[in-house]
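Chain by chain, the residues:
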Amino acid sequence: MEMRTRMMYMTVAVIVFLTAVVSVYSQEDVTTVEDSAFTEKMRPPVPFLHDKHNENALIHDDDCNICHHTYSDGKKLEDESSEDQECSACHQPADEKNHMELIKAYHNRCKGCHTTLKAGPVLCGECHVRTQ
Ligand code: HEC
Ligand code: HEC
Ligand code: HEC
Ligand code: HEC
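Draft legend 1. Local environment of the site of ligand 2. Inspection of the region around ligand 2 gives 13 residues, with His-69, Cys-87, Cys-90, His-91 and Arg-109 positioned closest. Here His-69 contributes a side-chain N or O atom positioned 2.7 Å from a nitrogen atom of ligand 2. Between ligand 2 and Arg-109 there is a distance of 2.6 Å, counted from an oxygen atom to a side-chain nitrogen or oxygen. Elements supplying a minimum of two residues to the shell around ligand 2: helix 3 (88–91) and helix 4 (100–117). Broken down by element, the residue count for the shell around ligand 2 peaks at three residues, all from helix 4.

Structure representation (structure tokens):
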């Protein structure tokens, strides 16, 4: 093959490969909750094997908006999901140094359900697991 043709094939191959790598990354690859709004963490990150957790918790495919919800005029939209957004997209006030509202959103959702169902971790160290 001519050099230029080979270069072109290689470039195409690289692009195809990268597209595949990017597009297979999805919720099943989520293993921790690490919201990008927390730039300086006080606690270790929370392990969260997305799909396995939801399977164990019997959260079904049409219940994604238990966590990934959207609202309109104060009402939750049952058929809509915000899975493409982090919680901080909506629960982080413009005053970006104060994380209290965002922390509460996570704790109310995560710990709240565990408390209600009497299943899943509720103590700080059970979620914010120290790894070393
Ligand atoms: C118990 C809460 C919870 C439920 C239920 C849930 N998710 Fe998630 N999901 C999360 C958290 C936490 C993250 C990671 C932080 C983020 O990006 O919001 C996440 C991330 C994602 C992402 C982004 C992955 C990436 O590229 O970073 C997708 C897509 C997603 N979830 C889809 C779904 C779908 C589809 C369902 C229903 C079958 C679902 N989720 C149910 C909590 C949940
Ligand atoms: C698209 C914007 C948006 C996203 C993304 C979002 N929320 Fe919300 N959330 C809202 C709005 C609006 C309300 C209702 C007003 C309020 O209480 O702040 C709400 C309410 C809540 C509530 C209290 C009401 C309830 O449902 O019990 C919790 C807890 C909560 N969100 C947690 C989360 C968590 C955890 C995530 C990420 C997995 C998340 N939210 C993602 C907009 C969003
Ligand atoms: C709708 C209810 C519900 C919500 C919301 C929820 N969980 Fe859970 N979670 C459960 C249940 C039920 C279990 C226990 C499952 C079992 O018995 O194996 C559990 C178990 C866990 C465990 C133990 C290991 C595992 O994966 O089973 C972790 C860690 C955990 N949850 C983290 C979280 C985090 C972090 C969030 C918020 C992003 C969250 N959970 C939101 C119901 C929930
Ligand atoms: C059910 C699981 C769960 C429990 C129990 C829990 N947290 Fe969290 N917490 C979370 C999740 C999920 C986040 C979001 C983490 C992230 O995005 O990095 C969070 C965020 C935080 C943050 C902000 C991020 C940081 O590291 O600075 C602090 C502080 C925090 N939690 C402290 C606590 C304390 C103190 C307790 C006990 C009183 C506690 N948490 C119990 C799940 C939990």
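Draft legend 2. Focus on the site of ligand 4. Among the 20 residues in the neighbourhood of ligand 4, the closest are listed as Asp-35, His-107, Cys-124, Cys-127 and His-128. Lys-41 places a polar side-chain atom, nitrogen or oxygen, 2.7 Å from an oxygen atom of ligand 4. The backbone of Arg-43 places a nitrogen or oxygen atom 2.9 Å from an oxygen atom of ligand 4. The set of elements that each furnish at least two residues to the shell around ligand 4 consists of helix 4 and helix 5 (124–127). Take the shell around ligand 4: its biggest share by element is six residues, from helix 4.

Draft legend 3. Structural context of unusual backbone geometry. Phi angles above zero are rare outside glycine, and Leu-58 is one such case at about 60°. Overall, the relative accessible area of 62% leaves Leu-58 in the exposed class. Unlike most non-glycine residues, Lys-118 shows phi in positive territory, near 50°. Structurally, the position occupied by Lys-118 is in the loop between helix 4 and helix 5.

Quick notes on the rules
Residues numbered from 1 in each chain as written. Chains lettered and ligands numbered in written order. Predicted model: local features only at pLDDT ≥ 70, side-chain atom pairs only at ≥ 80, totals over all residues. Heavy atoms only, no water. Near = heavy atom within 4 Å. Polar contact = N/O pair within 3.5 Å; in protein donor to acceptor, adjacent residues only side chain to side chain. Helix = DSSP H or I, 4+ residues; strand = E, 2+ residues; numbered from the N terminus. Buried < 20%, exposed > 50% of the residue type's maximum accessible area, 1.4 Å probe, protein only.

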